[in-house]
Amino acid sequence: MAAFDLPRPAFMDTEELRLLEHAADRFLDEQAGPVERARWRAVGAVDRATWRKAGEAGFLGISVPEAYGGAGADFRYEAILIERLGIKHALNFALPLHNAVVAPYLVDYATEQQKLRWLPGAATGETILAVAMSEPAAGSDLQGIKTTARRDGEHYVINGQKTFISNGLHASLIIVAAKTDAAAGARGISLFVVETDKVEGFSRGRLLDKLGQEGRDTTELFFSDMRVPAENLLGGVEGRGFRMLMEKLPQERLVIGWQAMGMIEAALAVTLDYVRERRAFGGTLFDLQNTQFKLAECKTLATVAKTFLYHCTEELIQKKLDAATASMAKLFITETQAKIIDECLQLFGGYGYMLEYPISEMYKDARAYRIYGGASEIMKLLIARSL
Ligand SMILES: Cc1cc2nc3c(=O)[nH]c(=O)nc-3n(C[C@H](O)[C@H](O)[C@H](O)COP(=O)(O)OP(=O)(O)OC[C@H]3O[C@@H](n4cnc5c(N)ncnc54)[C@H](O)[C@@H]3O)c2cc1C
């Protein structure tokens, strides 16, 4: 039994994608080995230098058009890179958020002038991107956000607070959701691109102390009479923010799906190695039928999850992926990730509970996947609407 050996469908089985896969593996072996990963967790963030090296190596701005300094590739390339980060147990490096969640807002909604200003820096790693929707009193229910943006001459004055923001420490270009019209519900929400080193009234909270994903910089953000130039309103028109968020969330859900998938593959691989080595009752753990059955179940679930992920990825590339199907992908793959990693950890026995074993880190890291990017319950709401 191989840990995972599902052949790639033709649309993802190209020479170029193989080259990217090998280049990503080399980069991650050099820059995201066990020593680096332990340091990220200890200090609560990936080194700024690693981001720049990723930019130099061509791993940032993969789907940013070439005219703005990117590689002009499609989501398949993002998917492969994300999967390799998972397989190499390096997902604390929130490169997928920068590349495949936030950059697409700029690519798809920014005016030409805004693209020329912001995309080249995002492709080199000179700027790191974040998106700030969630607030202390509004996460799932985004229409309930309290952050306001009031037009004042050639500026907007933004007041409010965001929380749980990934890349919150390093990001210097943050897409912030705020209400430009408190009475207009979803149509009153706009997105602003905040250049953090050019505005006053912006501050970051401390690094939040998390259960897992300790190497990701997650912070609160505060806006106190923060004056943002009017030309930083994303797309240049007020009231379109909620629609932009709803349109981009299906891709974000696949990004999370690919991360979860990469982690599943890593978990299966380390577990299979372990049970083949570990001796008990005159043989290895793998000789026990329970171990084989558990891993057979895990492999089946992983194969089903990945097959569906390929399907959704193809739909996304063809611009046919709807919100309900993307939600099914996020729901199924992240719930499957939790089940598989839990079963795998069990097969490690006491060693599975020791932090020096990657399976225990995966167990902790995986927990957030069923919460962020829309919690499992919200995925069910969206799926139910399609019934
Ligand atoms: C590690 C981490 C990183 C994050 N990064 C970012 C980021 O970069 N940017 C950003 O904007 N946000 C980020 N988030 C926030 C994340 O998106 C929210 O935590 C998530 O959307 C849930 O919102 P909440 O925490 O306010 O929970 P709540 O909305 O208060 O939900 C609490 C519980 O109630 C359930 N619930 C809520 N409404 C319903 C309903 N109608 N029916 C049934 N159940 C319901 C939820 O599913 C959940 O189980 C991050 C969160 C974490 C943990």
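Described in the following lines is the structure provided in the data block. (Residues numbered from 1 in each chain as written. Predicted model: local features only at pLDDT ≥ 70, side-chain atom pairs only at ≥ 80, totals over all residues. Heavy atoms only, no water.)

1. Here we look at helix 8 (residues 289-317)
Right, on to step 1. For helix 8, spanning 29 residues, the distance from its first C-alpha to its last is 42 Å, which sits close to the expected 42 Å at 1.5 Å a residue.
Right, on to step 2. Trailing helix 8 by a residue or two, lysine 319 shows a phi angle of about 60°, which is positive. (Helix = DSSP H or I, 4+ residues; strand = E, 2+ residues; numbered from the N terminus. Expected span 1.5 Å × (residues − 1).)

2. What to know about the site of the ligand
Right, on to step 1. The environment of the ligand is made up of 16 residues, and the closest members are Met133, Ser134, Ser140, Phe164 and Glu377.
Right, on to step 2. Valine 131 places a polar main-chain atom, nitrogen or oxygen, 2.9 Å from a nitrogen atom of the ligand.
Right, on to step 3. A distance of 3.3 Å separates an oxygen atom of the ligand from a polar backbone atom of glycine 139.
Right, on to step 4. Burial of the ligand by the protein amounts to 64% of the accessible area it has alone, namely 970 Å².
Right, on to step 5. Only strand 1 (129-132), strand 3 (155-166) and helix 11 (376-384) provide two or more residues apiece to the shell around the ligand.
Right, on to step 6. Residues of the shell around the ligand, tallied by class, amount to ten nonpolar, five polar and one charged. (Near = heavy atom within 4 Å. Polar contact = N/O pair within 3.5 Å; in protein donor to acceptor, adjacent residues only side chain to side chain. Areas by Shrake-Rupley, 256 points an atom, 1.4 Å probe, with all protein chains shown as cover. Nonpolar A, V, L, I, M, F, W, Y, C, P; charged D, E, K, R; others polar.)

3. Section: the environment of arginine 276
Right, on to step 1. Structurally, arginine 276 is set in helix 7 (residues 241-277).
Right, on to step 2. A residue is classified by how much of its surface remains accessible, and arginine 276, at 37% relative accessible area, is partly exposed.
Right, on to step 3. Separated by 55 residues in the primary sequence, arginine 276 and leucine 221 place their C-alpha atoms 47 Å from one another. (Buried < 20%, exposed > 50% of the residue type's maximum accessible area, 1.4 Å probe, protein only.)

4. Some words on helix 1 (residues 15-31)
Right, on to step 1. For helix 1, built from 17 residues, the straight-helix expectation of 24 Å at 1.5 Å per residue is met to within 8% by its first-to-last C-alpha distance of 24 Å.
Right, on to step 2. Among the residues making up helix 1, those that are buried are Leu17, Leu20, Glu21, Ala24, Asp25, Phe27, Leu28 and Gln31.
Right, on to step 3. Among the structural elements, helix 2 (34-43), helix 3 (48-56) and helix 4 (75-87) are those in contact with the buried residues of helix 1. (Contact = heavy atoms within 4.5 Å.)

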